[in-house]
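Coordinate inspection notes
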Amino acid sequence: LLLDLAKWLEYNKTLEIKQKEAELKAKSLLKTKKSQLTLIDLDIDLNSPKQVLETLQSLGINITSTNEKILAPLAPQYPAISALLEYRHYNKLLSAFGKPLPQKINPVTGRIHATFWQVNTRAGRYSNSDPNLQQLPRIFEVRSCFIPAPGYKFVIADYSQIELRIAAELAQETKMIQAYKDGLDLHKLTASFVLEKPLEAVTKQDRQTAKASNFGLLYGQGAEGFKNYAEGSYGVKLSLASATKIRERFFKAYPGLVTWHQKIKTEMYRSFRISKLAEVRTLSGRRRLFTEPKFTEFVNTPDQGTGADILKLALGNLIKKLEGTKIKLVHVVHDEIILEAPEEKAEEAGKILREVMEEAGAEFIKSVPIISSSSFGNSWAD
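What comes next concerns the included structure. Owing to the predicted nature of the structure, the values given are computational and were not obtained by experimental measurement. (Residues numbered from 1 in each chain as written. Predicted model: local features only at pLDDT ≥ 70, side-chain atom pairs only at ≥ 80, totals over all residues. Heavy atoms only, no water.)

What follows covers the packing of helix α9 (residues 186-194) against helix α10 (residues 204-217). Where α9 meets α10, the closest approach of the two axes is 8 Å, and the angle between their N-to-C directions is 95 degrees. With respect to each other, α9 and α10 are oriented roughly perpendicular. Counted together, Leu 186, His 187, Lys 188, Thr 190, Ala 191 and Val 194 of α9 and Asp 206, Arg 207, Ala 210, Lys 211, Ser 213, Asn 214 and Phe 215 of α10 form the full contact between these two elements. For the contact of α9 with α10, a count of residues per class yields five nonpolar, four polar and four charged. (Axes fitted to C-alpha atoms, helices over the stretch in contact; angles between N-to-C directions. Helix = DSSP H or I, 4+ residues; strand = E, 2+ residues; numbered from the N terminus. Parallel < 35°, antiparallel > 145°, perpendicular 65-115°, else oblique. Contact = heavy atoms within 4.5 Å. Nonpolar A, V, L, I, M, F, W, Y, C, P; charged D, E, K, R; others polar.)

Structure, rendered in structure tokens:
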């Protein structure tokens, strides 16, 4: 990938200012009563989990860890935690990407060349390192710094709700299958079920609740885990009672998922009783072996793993299609493929990319259509 270095360095300056402002605010709010009574201001190190934990506990906040999953739900209640998380956000951007990325520019090509690991994740997805461009946040200012060469466009395509479509296939969940055949928005349909609303009355916020339900409950979360996931990942605040009710309605609406979960759980424990080992396979037949029962991963692996297999098949076929053209593959992020194409070839590249991705999906998914959408622009943010 090409990095617009001047733009990146300018964005870094903005990040440094925001980081400093967040640091001062957090330190001010995290002053303990003891430090306020002394002549010496006790300066807390915000990067020290031990110091932060002790300070938060001294302020009467009952926690045992400063892990973000613990702190995020408490942020609306405690301004000090909110400021701390804001500081961490800017600090991570600067330390992980802001300062290191310019050093990764190859002096010969002028591009950043990350390393891609084929099966370095448990489910079989690609992982990325040195630098990890898959973890770049979806922030416009960040992604707009990644650009195609002059006279070229980025052509970007991703799969539509691929994990849910694979789940519909794996579980043979009839309502989900029918919804996709009818071209319905599954998130909207789920919102209608779990919130007991007519489809036409579903709001944008309702759809967020449904996304949390679809992606969280799909892999077997309990009510407490779902409650935390909904708030941490989608900003949806639920009481435990509401999370429990939504969970009950979700599985009532999609009984095929219940049957699928029960089948996996039964097979998992039966295998461990017999041989102390158990396996799951993706729809391509790729195997993952387990030495201990982990239900969530047993459910997750055939789904995300099949998604990984589909993407890799698409990439293999894509390279053959692009032979002899000036269209280049430049990046991959889970279910998203990014090409760099001459401007006059951008629409053609998008068509090739969509067709190849959908054909790869159809190799394994027979019950529902696999949809890929593409766009092109002058930066990754476009």
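What follows concerns the nonpolar core. If you look at the biggest cluster of nonpolar residues, it comprises 65 residues, and the most contacted ones within it are Tyr 159, Leu 257 and Leu 339. If one sorts the elements of this core by residue count, helix α14 (residues 295-322) sits on top with nine residues. (Core = buried A, V, L, I, M, F, W, Y, C linked by side-chain atoms within 4.5 Å. Buried < 20%, exposed > 50% of the residue type's maximum accessible area, 1.4 Å probe, protein only.)

Turning next to the packing of α14 against helix α15 (residues 346-362). Look at α14 against α15: their axes get within 8 Å of each other, and the N-to-C directions meet at 140 degrees. The orientation of α14 relative to α15 falls into the category oblique. Regarding α14 and α15, the two cross each other, and that crossing is right-handed. Counted together, Ile 310, Leu 313, Ala 314, Asn 317, Leu 318, Lys 321 and Leu 322 of α14 and Ile 352, Leu 353, Val 356, Met 357, Ala 360 and Gly 361 of α15 form the full contact between these two elements. Per-class residue counts for the contact of α14 with α15 are 10 nonpolar, two polar and one charged. (Left-handed = near helix turned anticlockwise from the far one by under 90°.)

This next bit is on the pairing of strand β6 (residues 278-281). Only one face of β6 is covered, namely the one carrying Ala 278 and Val 280; the face carrying Glu 279 and Arg 281 has none of its residues buried. In terms of strand pairing, β6 meets strand β7 (residues 287-290) through four bridges, oriented antiparallel. Bridge assignment links Glu 279 to a residue of β7, and that residue is Leu 289. As consecutive antiparallel partners, β6 and β7 are separated by five residues, and within that stretch Gly 285 has a phi angle of approximately 100 degrees, a positive value. (Pairing = 2+ DSSP bridges.)

What follows concerns the packing of aromatic side chains. One pass over the full model with this rule turns up nine aromatic pairs. Ring geometry for Phe 116 versus Tyr 126: centroids 6.1 Å apart, planes at 85 degrees, classification edge-to-face. Here Phe 116 is found in strand β2 (residues 115-117), whereas its partner Tyr 126 is found in the loop between β2 and β3 (127-129), with 10 residues between them in sequence. With relative accessibility at 34%, the residue Phe 116 sits in the partly exposed group. Note on Tyr 126: relative accessible area 13%, which makes it buried. Considering the side-chain rings of Phe 250 and Tyr 254, the 5.3 Å spacing of their centres and the 75 degrees angle between planes classify their relative orientation as edge-to-face. Residue Phe 250 is classed as buried on the basis of its relative accessible area of 1%. The exposure class assigned to Tyr 254 is buried, which follows from its relative accessible area of 1%. Every member of this aromatic cluster is reached through a ring pair, and the members are Trp 8, Tyr 11, Phe 146 and Trp 380. One residue, Lys 175, lies across the ring of Phe 193, its end atom 5.3 Å from the ring centre. Between the NZ or CZ atom of Lys 312 and the centre of the ring of Tyr 126, over which it lies, the distance is 5.0 Å. (Phe/Tyr/Trp six-rings, centres within 6.5 Å; stacked < 30°, edge-to-face > 60°. Lys NZ or Arg CZ within 6 Å of the ring centre and 35° of its normal.)

Each α-helix winds once per 3.6 residues, and so residues spaced three or four apart point in a common direction. Within α9, seven of the nine residues are buried, which leaves the element mostly enclosed by the surrounding structure. Burial in α9 covers these residues: Leu 186, His 187, Leu 189, Thr 190, Ala 191, Ser 192 and Val 194. Check the buried side of α9 and you find it contacts α7 (162-171), α8 (174-181), α10 and α12 (240-253). The backbone nitrogen of His 187 lies 3.0 Å from a side-chain oxygen of the residue at the head of α9, namely Asp 185. Immediately beyond the C-terminal end of α9, within one or two residues, lies Glu 196, with a positive phi of roughly 50 degrees. (Polar contact = N/O pair within 3.5 Å; in protein donor to acceptor, adjacent residues only side chain to side chain.)

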